[in-house]
Amino acid sequence: MKDTAEDIVRRATVAFNAGRPQDAQQLCERGLVRAPGEPMLSHLLAAVLFTKGEIAPARTHVETSLARRPDNAAARLLGARIARAAADYDAALAHLDRAIALKPQRDLFIEKARTLELAGHRALAREAWQAILKAIPEHQEAAARLGRLAWDDGDLAGAVSLLERATRSDAPASVWFDLGVARQDLRDHGGAAQAYRQAIALKPDYAEAALNLGIALTEGGDPDAAMRAFARAYGLRPQLFGSIAMALTSAPHGRLWLDEGALRNALAG
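Residues numbered from 1 in each chain as written. Predicted model: local features only at pLDDT ≥ 70, side-chain atom pairs only at ≥ 80, totals over all residues. Heavy atoms only, no water.

Novice: Looking at this structure, I do not really get the packing of helix H12 (residues 189-202) against helix H13 (residues 207-219). What am I missing?
Specialist: A pair of packed helices is characterised by two quantities: the angle between their axes and the separation of those axes. The N-to-C vectors of H12 and H13 enclose an angle of 155 degrees; their axes lie 9 Å apart at closest approach. The orientation of H12 relative to H13 falls into the category roughly antiparallel. Here the hand of the crossing between H12 and H13 comes out left-handed. Contacts between H12 and H13 involve His-189, Ala-192, Ala-193, Tyr-196, Arg-197, Ala-199 and Ile-200 on the former and, on the latter, Ala-209, Ala-210, Asn-212, Leu-213, Ala-216, Leu-217 and Glu-219. Considered class by class, the residues forming the contact of H12 with H13 number ten nonpolar, two polar and two charged. (Axes fitted to C-alpha atoms, helices over the stretch in contact; angles between N-to-C directions. Helix = DSSP H or I, 4+ residues; strand = E, 2+ residues; numbered from the N terminus. Parallel < 35°, antiparallel > 145°, perpendicular 65-115°, else oblique. Left-handed = near helix turned anticlockwise from the far one by under 90°. Contact = heavy atoms within 4.5 Å. Nonpolar A, V, L, I, M, F, W, Y, C, P; charged D, E, K, R; others polar.)

What follows is the structure, given as C-alpha coordinates:
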(Lines give C-alpha, C1' and ligand atoms only; values in the text may rest on other atoms or scores of the structure.)
Protein backbone atom coordinates (compact mmCIF):
# COMPACT_ATOMS: atom_id res chain seq x y z
CA MET A 1 0.00 0.00 0.00
CA LYS A 2 1.45 3.35 -1.06
CA ASP A 3 1.83 6.16 1.44
CA THR A 4 -0.70 8.94 1.06
CA ALA A 5 0.36 12.58 0.83
CA GLU A 6 -0.74 12.97 4.44
CA ASP A 7 1.52 10.07 5.49
CA ILE A 8 4.52 11.58 3.71
CA VAL A 9 3.84 15.00 5.22
CA ARG A 10 3.73 13.51 8.72
CA ARG A 11 7.01 11.62 8.20
CA ALA A 12 8.69 14.63 6.62
CA THR A 13 7.53 16.89 9.45
CA VAL A 14 8.91 14.47 12.04
CA ALA A 15 12.23 14.37 10.17
CA PHE A 16 12.41 18.16 9.92
CA ASN A 17 11.57 18.68 13.59
CA ALA A 18 14.25 16.12 14.49
CA GLY A 19 16.88 18.24 12.75
CA ARG A 20 16.99 16.24 9.51
CA PRO A 21 15.88 18.75 6.85
CA GLN A 22 17.56 16.81 4.06
CA ASP A 23 15.48 13.72 4.88
CA ALA A 24 12.34 15.87 4.95
CA GLN A 25 13.23 17.35 1.57
CA GLN A 26 13.84 13.93 0.00
CA LEU A 27 10.55 12.58 1.32
CA CYS A 28 8.65 15.52 -0.19
CA GLU A 29 10.51 15.26 -3.49
CA ARG A 30 9.80 11.53 -3.80
CA GLY A 31 6.16 12.14 -2.99
CA LEU A 32 5.93 14.81 -5.68
CA VAL A 33 7.38 12.44 -8.25
CA ARG A 34 4.35 10.24 -7.68
CA ALA A 35 1.89 13.12 -7.27
CA PRO A 36 3.19 16.19 -9.14
CA GLY A 37 1.88 19.46 -7.76
CA GLU A 38 0.31 17.90 -4.66
CA PRO A 39 -0.41 21.02 -2.56
CA MET A 40 0.50 19.73 0.92
CA LEU A 41 3.81 18.28 -0.26
CA SER A 42 4.58 21.37 -2.31
CA HIS A 43 3.84 23.59 0.71
CA LEU A 44 6.03 21.57 3.05
CA LEU A 45 8.87 21.32 0.53
CA ALA A 46 8.73 25.10 0.07
CA ALA A 47 8.98 25.57 3.83
CA VAL A 48 11.97 23.21 4.09
CA LEU A 49 13.78 24.89 1.20
CA PHE A 50 13.07 28.33 2.66
CA THR A 51 14.70 27.40 5.96
CA LYS A 52 17.76 26.33 3.95
CA GLY A 53 17.89 29.69 2.18
CA GLU A 54 16.96 28.24 -1.21
CA ILE A 55 14.59 31.06 -2.08
CA ALA A 56 13.92 30.53 -5.80
CA PRO A 57 12.92 26.84 -5.61
CA ALA A 58 10.98 27.49 -2.40
CA ARG A 59 9.00 30.15 -4.22
CA THR A 60 8.26 27.83 -7.13
CA HIS A 61 6.88 25.14 -4.82
CA VAL A 62 4.74 27.46 -2.70
CA GLU A 63 3.24 28.97 -5.85
CA THR A 64 2.50 25.44 -7.06
CA SER A 65 0.72 24.73 -3.79
CA LEU A 66 -1.28 27.96 -4.00
CA ALA A 67 -2.29 27.24 -7.58
CA ARG A 68 -4.17 24.22 -6.22
CA ARG A 69 -5.29 25.76 -2.93
CA PRO A 70 -5.39 29.55 -3.34
CA ASP A 71 -7.32 30.05 -0.10
CA ASN A 72 -4.78 28.39 2.19
CA ALA A 73 -3.87 31.19 4.61
CA ALA A 74 -0.78 29.39 5.94
CA ALA A 75 0.59 28.92 2.43
CA ARG A 76 -0.15 32.59 1.70
CA LEU A 77 1.90 33.59 4.74
CA LEU A 78 4.78 31.37 3.64
CA GLY A 79 4.49 32.78 0.13
CA ALA A 80 4.69 36.29 1.55
CA ARG A 81 7.81 35.52 3.57
CA ILE A 82 9.51 33.91 0.59
CA ALA A 83 8.57 36.79 -1.73
CA ARG A 84 9.87 39.27 0.85
CA ALA A 85 13.16 37.37 1.05
CA ALA A 86 13.37 37.78 -2.72
CA ALA A 87 12.70 41.53 -2.30
CA ASP A 88 9.45 41.20 -4.26
CA TYR A 89 7.46 43.30 -1.82
CA ASP A 90 4.42 43.80 -4.03
CA ALA A 91 3.94 40.04 -4.27
CA ALA A 92 4.53 39.67 -0.53
CA LEU A 93 1.88 42.28 0.26
CA ALA A 94 -0.58 40.67 -2.15
CA HIS A 95 -0.14 37.33 -0.36
CA LEU A 96 -0.59 38.99 3.03
CA ASP A 97 -3.70 40.89 2.00
CA ARG A 98 -5.25 37.64 0.75
CA ALA A 99 -4.27 35.83 3.95
CA ILE A 100 -5.71 38.60 6.13
CA ALA A 101 -8.98 38.47 4.19
CA LEU A 102 -9.11 34.71 4.74
CA LYS A 103 -7.99 34.57 8.38
CA PRO A 104 -7.26 37.91 10.08
CA GLN A 105 -4.71 37.00 12.72
CA ARG A 106 -2.20 39.06 14.69
CA ASP A 107 0.87 37.53 13.03
CA LEU A 108 -0.36 38.50 9.59
CA PHE A 109 -0.75 42.17 10.51
CA ILE A 110 2.76 42.16 12.01
CA GLU A 111 4.17 40.61 8.83
CA LYS A 112 2.39 43.25 6.78
CA ALA A 113 3.83 46.09 8.87
CA ARG A 114 7.33 44.64 8.47
CA THR A 115 6.87 44.26 4.73
CA LEU A 116 5.51 47.78 4.26
CA GLU A 117 8.55 49.17 6.04
CA LEU A 118 10.97 47.08 3.97
CA ALA A 119 9.17 48.19 0.82
CA GLY A 120 9.76 51.83 1.76
CA HIS A 121 6.09 52.65 2.40
CA ARG A 122 6.91 54.60 5.54
CA ALA A 123 3.55 56.27 6.10
CA LEU A 124 1.63 53.03 5.63
CA ALA A 125 4.12 51.15 7.80
CA ARG A 126 3.75 53.73 10.58
CA GLU A 127 -0.04 53.40 10.42
CA ALA A 128 0.25 49.62 10.56
CA TRP A 129 2.61 49.65 13.56
CA GLN A 130 0.42 52.24 15.32
CA ALA A 131 -2.64 50.02 14.86
CA ILE A 132 -0.73 47.06 16.32
CA LEU A 133 0.49 49.11 19.29
CA LYS A 134 -3.02 50.40 19.92
CA ALA A 135 -4.41 46.87 19.93
CA ILE A 136 -1.46 45.42 21.87
CA PRO A 137 0.04 48.20 24.04
CA GLU A 138 2.87 45.96 25.24
CA HIS A 139 3.95 44.96 21.73
CA GLN A 140 7.69 45.48 21.80
CA GLU A 141 8.46 45.34 18.09
CA ALA A 142 5.76 47.89 17.25
CA ALA A 143 7.10 50.33 19.85
CA ALA A 144 10.67 49.77 18.67
CA ARG A 145 9.86 50.26 15.00
CA LEU A 146 7.78 53.37 15.68
CA GLY A 147 10.66 54.69 17.78
CA ARG A 148 13.09 54.18 14.92
CA LEU A 149 10.69 55.82 12.46
CA ALA A 150 10.32 58.79 14.83
CA TRP A 151 14.12 59.09 15.05
CA ASP A 152 14.38 58.99 11.25
CA ASP A 153 11.88 61.86 11.14
CA GLY A 154 13.87 63.92 13.65
CA ASP A 155 11.36 63.50 16.48
CA LEU A 156 13.98 62.67 19.09
CA ALA A 157 11.78 63.01 22.17
CA GLY A 158 9.13 60.80 20.59
CA ALA A 159 11.77 58.28 19.60
CA VAL A 160 13.17 58.08 23.12
CA SER A 161 9.70 57.65 24.61
CA LEU A 162 8.81 54.82 22.24
CA LEU A 163 12.17 53.08 22.52
CA GLU A 164 12.08 53.26 26.31
CA ARG A 165 8.65 51.68 26.11
CA ALA A 166 10.11 48.93 23.92
CA THR A 167 12.84 48.17 26.46
CA ARG A 168 10.52 47.70 29.42
CA SER A 169 10.54 43.97 28.67
CA ASP A 170 13.38 41.87 27.29
CA ALA A 171 14.58 43.71 24.20
CA PRO A 172 17.26 42.76 21.68
CA ALA A 173 20.56 44.59 21.55
CA SER A 174 19.53 46.50 18.44
CA VAL A 175 16.67 48.22 20.28
CA TRP A 176 18.96 49.28 23.14
CA PHE A 177 21.40 50.60 20.54
CA ASP A 178 18.65 52.67 18.88
CA LEU A 179 17.68 54.03 22.30
CA GLY A 180 21.29 54.98 22.92
CA VAL A 181 21.48 56.86 19.62
CA ALA A 182 18.25 58.76 20.31
CA ARG A 183 19.36 59.70 23.84
CA GLN A 184 22.77 60.73 22.55
CA ASP A 185 21.18 63.02 19.98
CA LEU A 186 19.30 64.64 22.86
CA ARG A 187 22.65 65.17 24.63
CA ASP A 188 21.68 62.70 27.35
CA HIS A 189 25.15 61.17 27.46
CA GLY A 190 24.62 59.25 30.68
CA GLY A 191 21.38 57.71 29.45
CA ALA A 192 23.00 56.90 26.11
CA ALA A 193 25.93 55.18 27.83
CA GLN A 194 23.54 53.09 29.92
CA ALA A 195 21.70 51.96 26.78
CA TYR A 196 24.91 51.10 24.92
CA ARG A 197 26.17 49.11 27.89
CA GLN A 198 22.95 47.11 27.87
CA ALA A 199 23.35 46.47 24.14
CA ILE A 200 26.91 45.21 24.71
CA ALA A 201 25.79 43.01 27.62
CA LEU A 202 23.32 41.34 25.27
CA LYS A 203 25.70 41.21 22.30
CA PRO A 204 29.33 41.28 23.44
CA ASP A 205 30.67 41.55 19.87
CA TYR A 206 28.60 44.67 19.11
CA ALA A 207 31.43 46.86 17.84
CA GLU A 208 29.19 49.81 16.90
CA ALA A 209 27.73 49.91 20.42
CA ALA A 210 31.23 49.91 21.93
CA LEU A 211 32.24 52.76 19.60
CA ASN A 212 29.16 54.81 20.47
CA LEU A 213 29.64 54.08 24.16
CA GLY A 214 33.12 55.55 23.88
CA ILE A 215 31.74 58.64 22.16
CA ALA A 216 29.02 59.09 24.81
CA LEU A 217 31.56 58.72 27.61
CA THR A 218 33.95 61.15 25.92
CA GLU A 219 31.20 63.73 25.51
CA GLY A 220 30.10 63.08 29.08
CA GLY A 221 33.59 63.84 30.42
CA ASP A 222 34.84 60.36 31.35
CA PRO A 223 37.90 59.89 29.11
CA ASP A 224 39.30 56.86 30.94
CA ALA A 225 36.11 54.85 30.59
CA ALA A 226 35.82 56.11 27.01
CA MET A 227 39.27 54.71 26.18
CA ARG A 228 38.24 51.32 27.55
CA ALA A 229 35.15 51.35 25.32
CA PHE A 230 37.16 52.46 22.31
CA ALA A 231 39.72 49.72 22.98
CA ARG A 232 36.89 47.19 22.96
CA ALA A 233 35.54 48.56 19.69
CA TYR A 234 39.01 48.52 18.13
CA GLY A 235 39.62 44.95 19.29
CA LEU A 236 36.34 43.85 17.76
CA ARG A 237 36.79 45.77 14.53
CA PRO A 238 40.14 47.45 13.80
CA GLN A 239 38.57 49.22 10.81
CA LEU A 240 36.87 51.56 13.31
CA PHE A 241 40.21 53.20 14.09
CA GLY A 242 39.45 56.31 12.03
CA SER A 243 36.10 56.84 13.76
CA ILE A 244 37.75 56.38 17.15
CA ALA A 245 40.52 58.86 16.38
CA MET A 246 38.01 61.43 15.18
CA ALA A 247 35.84 60.97 18.27
CA LEU A 248 38.81 61.36 20.62
CA THR A 249 39.93 64.63 19.07
CA SER A 250 36.59 66.29 18.29
CA ALA A 251 34.65 66.00 21.53
CA PRO A 252 34.80 68.84 24.11
CA HIS A 253 36.49 66.50 26.59
CA GLY A 254 38.58 64.63 24.03
CA ARG A 255 42.30 64.11 23.86
CA LEU A 256 44.62 65.12 21.06
CA TRP A 257 46.53 62.22 19.54
CA LEU A 258 49.20 63.34 17.09
CA ASP A 259 50.89 59.95 16.81
CA GLU A 260 48.70 57.34 15.11
CA GLY A 261 50.98 54.53 16.24
CA ALA A 262 50.74 55.60 19.86
CA LEU A 263 46.95 55.65 19.68
CA ARG A 264 46.85 52.21 18.09
CA ASN A 265 49.12 50.89 20.85
CA ALA A 266 46.94 52.48 23.52
CA LEU A 267 43.82 50.91 22.03
CA ALA A 268 45.49 47.53 21.69
CA GLY A 269 46.40 47.65 25.37
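Novice: What exactly am I supposed to notice about the packing of aromatic side chains here?
Specialist: Pairs of aromatic rings are described using the distance from one ring centre to the other and the angle between the two planes. Under the counting rule described, the total for this entry stands at three aromatic pairs. When the centroid spacing of 5.7 Å and the interplanar angle of 55 degrees are considered together, the rings of Phe-177 and Tyr-196 count as tilted. One end of the pair, Phe-177, is in helix H11 (residues 173-185); the other, Tyr-196, is in helix H12, and 19 residues separate them in sequence. Among the residues examined, Tyr-196 registers a relative accessible area of 0% and is labelled buried. Judged by centre distance (6.1 Å) and plane angle (65 degrees), the ring pair of Tyr-234 and Phe-241 falls under edge-to-face. Overall, Phe-241 belongs to the buried group, its relative accessible area being 9%. Taken together through their ring pairs, the aromatic side chains of Phe-177, Tyr-196 and Tyr-206 make up a single cluster. We note Lys-203 situated over the ring of Tyr-206; from NZ or CZ to the ring centre the distance is 5.0 Å. Cation over ring: Arg-264 sits above Phe-241, and NZ or CZ is 3.8 Å from the ring centre. (Phe/Tyr/Trp six-rings, centres within 6.5 Å; stacked < 30°, edge-to-face > 60°. Buried < 20%, exposed > 50% of the residue type's maximum accessible area, 1.4 Å probe, protein only. Lys NZ or Arg CZ within 6 Å of the ring centre and 35° of its normal.)

Novice: Could you clarify how one ought to interpret the pattern of salt bridges in this entry?
Specialist: Side-chain pairs of opposite charge can arise where the charged atoms are in close proximity. Counted according to the given criterion, the structure contains 19 salt bridges. Put simply, Arg-10 and Asp-7 hold a salt bridge, and the shortest N to O gap is 2.4 Å. Residue Arg-10 and its partner Asp-7 are located together in helix H1 (residues 5-17), separated by three residues, close to a single helical turn. Look at Asp-7 and you get partly exposed, because its relative accessible area is 23%. A salt bridge links Glu-111 to Arg-81; its shortest N-O distance comes to 2.9 Å. Of this pair, Glu-111 sits in helix H7 (residues 106-118) while Arg-81 sits in helix H5 (residues 73-85), and the two are 30 residues apart along the sequence. On the basis of relative accessibility, which here comes to 31%, the residue Arg-81 falls in the partly exposed class. One salt-bridge network, in which partners are shared between bridges, spans Arg-122, Arg-126, Arg-148, Asp-152, Asp-153 and Asp-178. (Salt bridge = Lys/Arg side-chain N within 4 Å of Asp/Glu carboxyl O.)

Novice: Whenever I open this one, the nonpolar core confuses me. Can you help?
Specialist: Here is a general trend for soluble globular proteins: nonpolar side chains tend to be buried in one another's company. Ranked by internal contacts, the top residues of the largest apolar core, which has 57 residues, are Trp-129, Phe-230, Ile-244 and Leu-267. When sequence neighbours within four positions are dropped, the list of residues in contact with Leu-267 reads Met-227, Phe-230, Ala-231, Tyr-234, Phe-241 and Ile-244. Ranked by size, the runner-up nonpolar core spans 21 residues in total, among them Val-9, Ala-12, Ala-46 and Ala-58. (Core = buried A, V, L, I, M, F, W, Y, C linked by side-chain atoms within 4.5 Å.)

Novice: Looking at this model, I keep getting lost on the side chain of Ser-42. Mind explaining?
Specialist: Looking at where Ser-42 falls in the secondary structure, it is placed in helix H3 (residues 39-51). The buried category is assigned to Ser-42, whose relative accessible area is 1%. If we ignore the near neighbours within four places in the chain, the residues touching Ser-42 are Leu-32, Gly-37, His-61, Val-62, Thr-64 and Ser-65.

Novice: Please explain the environment of Trp-129 as it appears in this structure.
Specialist: Note on placement: Trp-129 falls in helix H8 (residues 122-135). Apart from residues no more than four positions distant in its own chain, Trp-129 is found in contact with Ile-110, Ala-113, Arg-114, Glu-117, Glu-141, Ala-142, Arg-145, Leu-146 and Leu-149.

Novice: Would you mind showing me how to read helix H9 (residues 140-152) here?
Specialist: The periodicity of an α-helix, 3.6 residues per turn, causes residues three or four places apart in sequence to face the same way. An ideal rise of 1.5 Å per residue puts 18 Å on 13 residues; H9 measures up with 18 Å between its terminal C-alpha atoms. Considered for burial, the residues of H9 that qualify are Ala-142, Ala-143, Ala-144, Leu-146, Gly-147, Leu-149 and Ala-150. Elements that come into contact with the buried residues of H9 comprise H7, H8, helix H10 (156-166) and H11. Among the residues trailing H9, Gly-154 stands out with phi positive, at a value near 85 degrees. (Expected span 1.5 Å × (residues − 1).)

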